[in-house]
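Analysis of the macromolecular model
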Amino acid sequence: MTDLDRRGEAARREAVHGLPAWTYENAELLALEYERLFLGSWQAVCHVSDVAAPGDYLTFDLMRDSILVIRDRDGALRAFQNVCRHRGARLLDGRGRLSTRLLCPYHGWAYHLDGRLAAVPAEGTFPGLDKTCLGLTEVQLDILLGFVFVRVAGDGPSLEEMWGAYAERIAPYRPEEMTALYPPVVQEWACDWKTAVDNNQENYHIPVGHPGYFRLLERGGDSFGNRYGVGGSVSRHRTKPSSNWVERMYQDLAPKVLDHLPEEKRTLWQFFSMLPNHGIDVYPDSMDFFQILPLGPGRCQVRVAAYALPDARREVTLLRYLNGRINRHVLDEDRWLSERVQKGLRSHGYAPGPLSVIEDGVKELHDLVRAACPVAALPEAPPPGAVARRDAALRAERAAAE
Ligand code: FES
Ligand SMILES: [Fe+2]
């Protein structure tokens, strides 16, 4: 959508307002959001190169759930609930490599790498034990462009279906062949997951909030989106050199060095997002995923993991160093801005202001939240203990009206 389209759209539409402030810090609503938005959505865990060898595993924590992604000896990648089928102990932490079996740290139940229960100490003491029914609980795993995603519960479209032609835009960068540039950055932000996602869903804040991006990239790049909540925007390097040496050097080097890409892609920055909580950024020299996970009401975890094609050339290393500096600044700025918004939302008497059509991505998230949890549309919070009940009543009303 161009700037001109946006003006036409704004003139045609009624004013749109965001979610009420109470929804950004409410434990009961978060429990509903978790059930209805997170458990059934694809969540990025890692890249295939992070679990490349047989026995490689990696755990992924999502509120009260923990998922284990593990590569079997025959190369198959699977995901399981990271929980023992005996008395529920969490099995593994972090990442590592298993040589043969996965051993529960509590009583030593042993699982094959494909999840089957292999051995139980003092097996004869369990009346009627059937080991074939007690394998690890498998959860859905899907791979998009080399990135490994899991869906904890429920069903829905595959990533291929959701991303459609957008994936083809990324394919020329050969993301499947990439490896991690550095260990994932994991931060706890003092804001609700929605505050951080709101911020990631719009570019309106770039000229003021991210002076570096503003110097480096053209304004008002094209934005796009589809019915699966996948969308984004693209920007190109400005032809005017940035006044900052880091950005200027990046602008200068990228077109010269990245000869594996067609020329037009060497200056192109693509920012994809997938609701409810992901970004996938494709830079000329590398790419990353950006994931915002709820930790509690008004608290979230931000994970950023960057990947690139193996390339030891000095100029490429320098380019990636420059990108790292630019994007670390952007991350710090986004954190600072999001935490400031969270503080502002707590103020007495604050009511959400109008949204620009440039902030349609924010509206899209809010529409998703209101569709999943109609209680989120109420201007005031229901009394403590009543959020789920009120939500159920609103859902019933909505179903009756349909
Ligand atoms: S809880 Fe895992 S062996 Fe007992
Ligand atoms: Fe930002």
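Residues numbered from 1 in each chain as written. Chains lettered and ligands numbered in written order. Predicted model: local features only at pLDDT ≥ 70, side-chain atom pairs only at ≥ 80, totals over all residues.

1. Remarks on the overall build of the chain
When you go through the chain residue by residue, the secondary structure sums to eleven helices and 20 strands. For the chain, the spread of C-alpha atoms along the principal axes amounts to about 75 × 60 × 35 Å. Here the chain, with 402 residues, has 37% of them falling under the buried criterion. For the chain, the share of sequence-separated contacts (at least 6 apart) that also reach a separation of at least 24 residues comes to 63%. (Helix = DSSP H or I, 4+ residues; strand = E, 2+ residues; numbered from the N terminus. Buried ≥ 20, exposed ≤ 12 C-beta atoms within 10 Å, placed from the backbone. Contact = placed C-beta atoms within 7 Å.)

2. Details of unusual backbone geometry
Residues Leu275 and Pro276 are joined by a peptide bond in cis, for which omega reads 10°. Note that Pro276 resides in the loop between β16 (268-274) and β17 (278-282). The backbone of Ala122 shows a phi angle near 55°, a positive value even though the residue is not glycine. As for its placement among the helices and strands, Ala122 is situated in the loop between β9 (117-119) and β10 (138-144).

3. Looking at the sheet that holds strand β11 (residues 147-151)
Within a beta sheet, neighbouring strands are joined by backbone hydrogen bonds and run either parallel or antiparallel to one another. Ordered in space as β2-β11-β10-β5-β4-β3-β6, the seven strands form an open sheet in which the pairing is antiparallel. Where the open sheet ends on each side, the last strands, each with one partner, are β2 (43-47) and β6 (95-97). Sheet twist, expressed as the average angle between the axes of neighbouring strands with direction ignored, equals 30°. The pairing of strand β3 (residues 56-62) with β6 spans three bridges and is classified as antiparallel. (Pairing = 2+ DSSP bridges. Axes fitted to C-alpha atoms, helices over the stretch in contact; angles between N-to-C directions.)

4. Quick word on the domain arrangement of the chain
Domain boundaries in the chain define domain 1 (1-40 + 161-402) and domain 2 (44-155). Centre-to-centre, using C-alpha coordinates, domain 1 lies 31 Å away from domain 2. Facing 19 residues of domain 1, the contacting portion of domain 2 comprises 15 residues. At the level of elements, α2 (27-38), α4 (165-170), β12 (179-180) and β18 (287-296) are the ones that each hand at least two residues to the side of domain 1 that touches domain 2. It is β18 that contributes the most residues to the side of domain 1 that touches domain 2, four residues altogether. (Domains from an automatic or database assignment.)

5. Thoughts on the nonpolar core
By size, the foremost hydrophobic cluster in this structure holds 84 residues, and its most contacted members are Val45, Ile67, Leu68, Val69, Phe149, Val150 and Ala196. In terms of residues, this core owes the most to one element, strand β19 (residues 299-308), which gives six residues. In this structure, this core is formed jointly by two domains, domain 1 (1-40 + 161-402) and domain 2 (44-155), each of which donates at least three residues. Apart from residues no more than four positions distant in its own chain, Leu68 is found in contact with Tyr57, Thr59, Ala79, Phe80, Asn82, Leu91 and Leu92. (Core = buried A, V, L, I, M, F, W, Y, C linked by C-beta atoms within 7 Å.)

6. Things to note about the sheet that holds strand β7 (residues 102-103)
Pairing is antiparallel across the open sheet formed by three strands, whose spatial order is β7-β8-β9. Where the open sheet ends on each side, the last strands, each with one partner, are β7 and β9. Sheet topology note: the β7/strand β8 (residues 110-111) ladder contains two bridges and is antiparallel. Looking at β8, one finds that Leu102 is bridged to Tyr111.

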